[in-house]
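Examining the three-dimensional arrangement
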Amino acid sequence: MKPPVPHRRWALAAVTALALVVGGLAIPVTRAAEAAPVGAGSYTTTPVGPLPSGCGAMSSNPRQFATANAPAGPIPTNDWWSSLLWKRTDCSFSEPLHAHPISYDTFTDGLGFSANSTPAISGTATGVGEFHYPYVQDIRVGVAGLAAPQVKVDGWTDWTVSPHWSDGTRTLRATIGHGLPFAYFQATGGNASIGTAGTPDVWSNSGATIGFRVNGHDYVGYAPSGASWTVASGRITSTLAGRGYFSIALLPPTSSASERASLAATYGQYAHAHVTGTQVSYSYNPATSGLTTTYAFTTTAREGTATQTVVSLYPHQWKSLSGSTAITPTYPSARGRMKVLTGVNQFRTAMKFQGVLPELPAVGDGSGSDLATLTSQLAAVRGNPMDQRGNDTYWTGKGLGRAARIAEIADQVNDTATRDSALNAIRSTLTDWFTASSGKTSRVFYYDNNWGTLIGYPASYGSDQELNDHHFHYGYFIAAAATLAKFDPAWAATSRYGGMVDLLIRDANNYRRDDTRFPYLRDFDIYAGHDWASGHGSFGSGNNQESSSEGMNFANALIQWGQTTGDTAVRDAGVFLYTTQAAAIQEYWFDVSDQNFPAAFGHSTVGMVWGSGGAYATWFSAEPEMIQGINLLPVTGGHLYLGNNPAYVRTNYAELVRNNGGQPTVWQDILWQFQALGDPDAALANLRANPGYTPEEGESRAHTFHWIRNLAALGTVDTTVTGNHPLSAVFSRNGARTYVASNPTANPITVTFSNGTTLSVGAGKTATTGANTWSGGNAAGGVPPTTPTDPPPTTTPPPTTTAPPSTGGPTRYLLPGGGLGAAGSAATTTVAAANGNHDGTPTNAQVFTATGLNLAYSGGQTAFDLFVDAGTAVGNGVQVRVSYDLTGNGSWDRVETWRYFATDPVSGYEHYTQGAGLASATGTLGALSNGRVRVEVWSAIGNNPSTIGLGNQSVLRLPYS
């Protein structure tokens, strides 16, 4: 086995390719020494620092090891097979390629196979340790006499690659991929040849099919019909009947000869339907919070009519499999047991997206002494919200992340001075980085046309020469831009700096296939379900990734940016990355089900995932706090997935204490925040008992206190309920749920949860209902802070009108006696049975009215939340009509009839909201000047009365300020 290359870095690697298409428009690559404009921003096309490098002419020609048949465009990087194309250590051949269930390696005479099922475990159960399924060769497949000087890449698809050998007389082309138990070959110039480690145990040799065992692993060779296999001197050969194609399959371990023979026959039905293409597609449905992912295979029939194939699925896939049934036996792998599907050309998974938040709501620290503590901590960071430790892309990103958390928290508790200071720091920093002025060589992004990537300088941790970590670094930039966009949407417009944000997104994960100049989802391993960090992946153990949580920071940033700016393509790409990777992290970094790590490994988590295994280790530290903490930071509202299994959180934290010989002494804030997702009371006690702790480099005391204090009030993440809005979450404490949603837009919304609970969220607000009712924030519609380096665009202001003095506010409760006013004591009223169909026509209605209203119109729509209970009655439908008399002259200028609400036959209040939809509307809204508003509630259908909650329960929210 070729030895791995030493690789010392802080937080591991990733890369990607830049997308120079913004809003569907191609951005030209300019001549050297020019700055390419992107809206108000720009990048440079003049090199300002070290560039990617590799063997021979790789620096200027990254396609040096690609054939003319390879797809056009920049080369993929950060993949499981990257060392095949980006050669770093062996300028002729690759490092081992861990595809699963087979690992491969390339040599002068062909392709090596390893099905090693015995883990190599080093270290201890309380210290640094690793497990690997290292490459141990069983067979080598090639062409007799082949002596190629190097291997090149002849093609690739979403999760396959095709290495190619040629020595001038003989050629060999293979196709291998994730989940494929087959390797497919095309050969010229000689006989197909299979060399084996030792003498093969041939258990079947009949015509074109041969079955044999090497090192305890069963393989089957499938030659064209009419061909045969010859075994001599430990080598298996075939003339292929002169037809030049064959396939080799690894069978799952079996318990009997008959089962083995049956599997060989089943696989044989698809042996000549060579897989020639793979492609993923996904669909996010906000209404159900569902993500459906389709993994499709294209086959070419070398003979016969079969168009389907055999595939094996990773645990994160088969546990969410939809519409198919995986069979046993299974394959062992470095990721756990892989289950098999036979006779398929696609399979689907169905997962729930649990939702993310910009930040936890201030339900626990929004008042009293805890608010005083928080505001004091916010004031302490007001003068330096970024507290930046370095000027490179990573440490700038960490500072931006810190400032974004501070801005979100300060806004929730109305500390506008600290909020605006943090937003100013974010704006000025991003604007600086997004501007490539003449001669600028620092705090600038450079586009390299050869590699198709956007590199920020100063670079760090190999983000330039190795294209490492782009998703880690840029995720912080994008997330901070999403926070800024809520308060300053003009800055985030594509015509200003939004285009540069999109370039960072596409550099790490190009979400559009029609953007053909840049690889699709470049740093995300589609089939494995997670990112890879190293650009070249040239290690004996394959590619690797350390900080899965910083990868999730990138995915969350796409969701936040896309939702805030209205870019659903970016949002949905973020949901796909986030949901898929959250499942992969639970399996391969945390092994929450205790099924995937070798039993003798002795750890409940790893700091790093490798192609061949995992390691309780990091690149930079042997301290347990950092080994476990590197997969927890940064802590944001986009990292609630870490708490999807509170029991596992407690298991993980207990291992930390055990391995550390006591409570953490470094990165305490990160670890307590994680602990709070499983045991918030214990985390709060730890925080209060250690006021002198040293904050982690990207954290602040204000955010740590806010996070832990509010989880102590909210409880743990409740994954049994989801919302129809991506920025929503549910928590449960002592059986009582709190529903949370955030609205970054300028219009109010209503969020409906899967159990029927609804939550109205005002413009720019985060709101809660249930056990902790609260609303705070002022993100939308406010006046953004400005800095001299980023003046707002010149626009013509809209005409102003002087609103009459306000009489009361826009939030009105239905009150006993027929009024619409401020909240009062809880009460009820009865709506009479319909005893007929009165859909759209108020009949025996309960009427509630407000008069003398002077309110300025804010451009929104009516919102309401009526508490309705039909008891055990079946078939009731309550309906509401809202009418506006704008001037109090006795005529209704706007009348809205909402669709009736079909109640359930279960005792207990339900929520009837504007989410039911308008049935009809007449007239238009405008300012209220001595105006009137009337609400009529009646039974549209049903033969039984219904109860309406009054006083502090049923509420009407007028679209006025």
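Remember, predicted model here, so these are calculated numbers, not experimental data.

Our next topic: the side chain of Asp218. Mapped onto the elements of the fold, Asp218 is located in strand β18 (residues 217-222). Residue Asp218 is classed as buried on the basis of its relative accessible area, which comes to 4%. Here the side chain of Asp218 touches Trp203 through a polar contact of 3.0 Å, side chain to side chain. Reaching out from Asp218, the side chain makes a polar contact with the side chain of Arg213 at a distance of 2.8 Å.

Within strand β21 (residues 245-250), six of the six residues are buried, which leaves the element mostly enclosed by the surrounding structure. Burial along β21 is two-sided: the face carrying Tyr245, Ser247 and Ala249 and the face carrying Phe246, Ile248 and Leu250 are both buried. The sheet contact formed by strand β14 (residues 182-188) and β21 spans five bridges and is antiparallel. Looking at β21, one finds that Ala183 is bridged to Ile248. Relative to β21, β18 is paired through four bridges, and the arrangement is antiparallel. Looking across to β21, one finds that Gly221 is bridged to Ile248.

Taking 1.5 Å of rise per residue, 18 residues should cover 26 Å, and helix α10 (residues 548-565) covers 26 Å from first to last C-alpha, within 8% of that figure. Positive phi shows up at Gly566, right after α10, with a value of about 80 degrees.

Let's shift gears to the sheet that holds strand β11 (residues 151-156). Strand order in this open sheet of eight strands is β11-β12-β13-β14-β21-β18-β17-β16, and the pairing throughout is antiparallel. Only two strands of the sheet have a single neighbouring strand rather than two, namely β11 and β16 (201-206). Between one strand axis and the next, the sheet turns through 20 degrees on average, direction left out of account. Along the sheet, helix α2 (residues 257-268) contacts β14, β16, β17 (209-214), β18 and β21; its crossing angle with β18, the most-contacted strand, is approximately 35 degrees.

What follows covers the packing of helix α7 (residues 470-487) against α10. α10 packs onto α7 with a crossing angle of 30 degrees between their chain directions and a minimal axis gap of 8 Å. With respect to α10, the element α7 is oriented roughly parallel. By crossing handedness, the relation of α7 to α10 is classed as left-handed. Between α7, through His471, Phe472, Gly475, Tyr476, Ile478, Ala479, Ala481, Ala482, Ala485 and Lys486, and α10, the contact on the second element is made entirely by Glu550, Gly551, Asn553, Phe554, Ala557, Leu558, Gln560, Trp561, Thr564 and Thr565. Tallied by class, the residues present in the contact of α7 with α10 amount to eleven nonpolar, seven polar and two charged.

Further remarks concern empty space enclosed by the protein. Enumeration over the complete set of coordinates arrives at ten cavities of 30 Å³ or more. In this model, the largest cavity occupies a volume close to 150 Å³. The wall of the largest cavity is formed by 18 residues, among which Gly401, Tyr476, Pro634, Thr636 and Gly698 lie closest to the centre. Sorting the residues of the lining of the largest cavity by element identifies α5 (393-412) and α7 as the ones contributing at least two each. In terms of residue count, α5 provides more of the lining of the largest cavity than any other element does, five residues in total.

Whenever strands of a sheet pair, they do so through backbone hydrogen bonds, lying parallel or antiparallel. The strand order across the open sheet built from three strands is β24-β27-β26, with neighbouring strands paired in antiparallel fashion. The outermost strands of the open sheet, each flanked by one partner alone, are β24 (309-313) and β26 (327-331). The sheet shows a mean angle of 40 degrees between the axes of neighbouring strands, taken without regard to direction. The pairing of β26 with strand β27 (residues 338-344) spans two bridges and is antiparallel. Residue pairing for β27: Ile327 is matched across the bridge by Val340.

To continue, consider the state of the cysteines. Across all of its chains, the model carries one disulfide by this definition. Disulfide pairing places Cys55 opposite Cys91 at an S-S distance of 2.2 Å. On the sign convention where negative means left-handed, the S-S torsion of about -85 degrees between Cys55 and Cys91 marks this disulfide as left-handed. Residue Cys55 is found in the loop between β4 (41-44) and α1 (82-85), and its partner Cys91 is found in the loop between α1 and β5 (97-98); the two are separated by 36 residues along the sequence.

As a further point, take the pattern of salt bridges. Enumeration according to the criterion identifies 31 salt bridges in this entry. The salt bridge involving Asp415 is made with Arg382; its shortest N-O contact spans 3.6 Å. Pair noted here: Asp415 is in the loop between α5 and α6 (416-433) and Arg382 is in the loop between α4 (368-381) and α5, with a separation of 33 residues, a long-range link. When its relative accessible area of 31% is taken as the criterion, Arg382 is described as partly exposed. A salt bridge links Arg894 to Glu896; its shortest N-O distance comes to 2.9 Å. You can call Arg894 buried: its relative accessible area is 15%. Ionic contacts of the salt-bridge type, sharing partners, join the residues Arg213, Asp218 and Arg260 into one network.

Bringing unusual backbone geometry into the picture now. In this structure, the amide linkage connecting Tyr457 to the following residue, Pro458, adopts the cis form with an omega of 0 degrees. Structurally, the position occupied by Pro458 is in the loop between β30 (453-457) and α7. Across the junction of Leu633 and Pro634, the peptide omega takes the value -5 degrees, indicating a cis bond. In the Ramachandran plot, Asn78 falls in the positive-phi region, its phi being about 55 degrees despite a non-glycine side chain. Residue placement: Asn78 occurs in the loop between β4 and α1. Despite not being glycine, Asn930 shows a phi value in the positive range, around 60 degrees.

About the criteria used
- Residues numbered from 1 in each chain as written.
- Predicted model: local features only at pLDDT ≥ 70, side-chain atom pairs only at ≥ 80, totals over all residues.
- Heavy atoms only, no water.
- Helix = DSSP H or I, 4+ residues; strand = E, 2+ residues; numbered from the N terminus.
- Buried < 20%, exposed > 50% of the residue type's maximum accessible area, 1.4 Å probe, protein only.
- Polar contact = N/O pair within 3.5 Å; in protein donor to acceptor, adjacent residues only side chain to side chain.
- Pairing = 2+ DSSP bridges.
- Expected span 1.5 Å × (residues − 1).
- Axes fitted to C-alpha atoms, helices over the stretch in contact; angles between N-to-C directions.
- Contact = heavy atoms within 4.5 Å.
- Parallel < 35°, antiparallel > 145°, perpendicular 65-115°, else oblique.
- Left-handed = near helix turned anticlockwise from the far one by under 90°.
- Nonpolar A, V, L, I, M, F, W, Y, C, P; charged D, E, K, R; others polar.
- 1 Å grid on protein atoms, 1.4 Å probe; cavity = no way out; pocket = protein on both sides within 12 Å on 5 of 7 lines; lining within 4 Å.
- Points joined across faces, edges and corners; volume = space filled by probe spheres on them.
- Disulfide = S-S within 2.5 Å.
- Salt bridge = Lys/Arg side-chain N within 4 Å of Asp/Glu carboxyl O.

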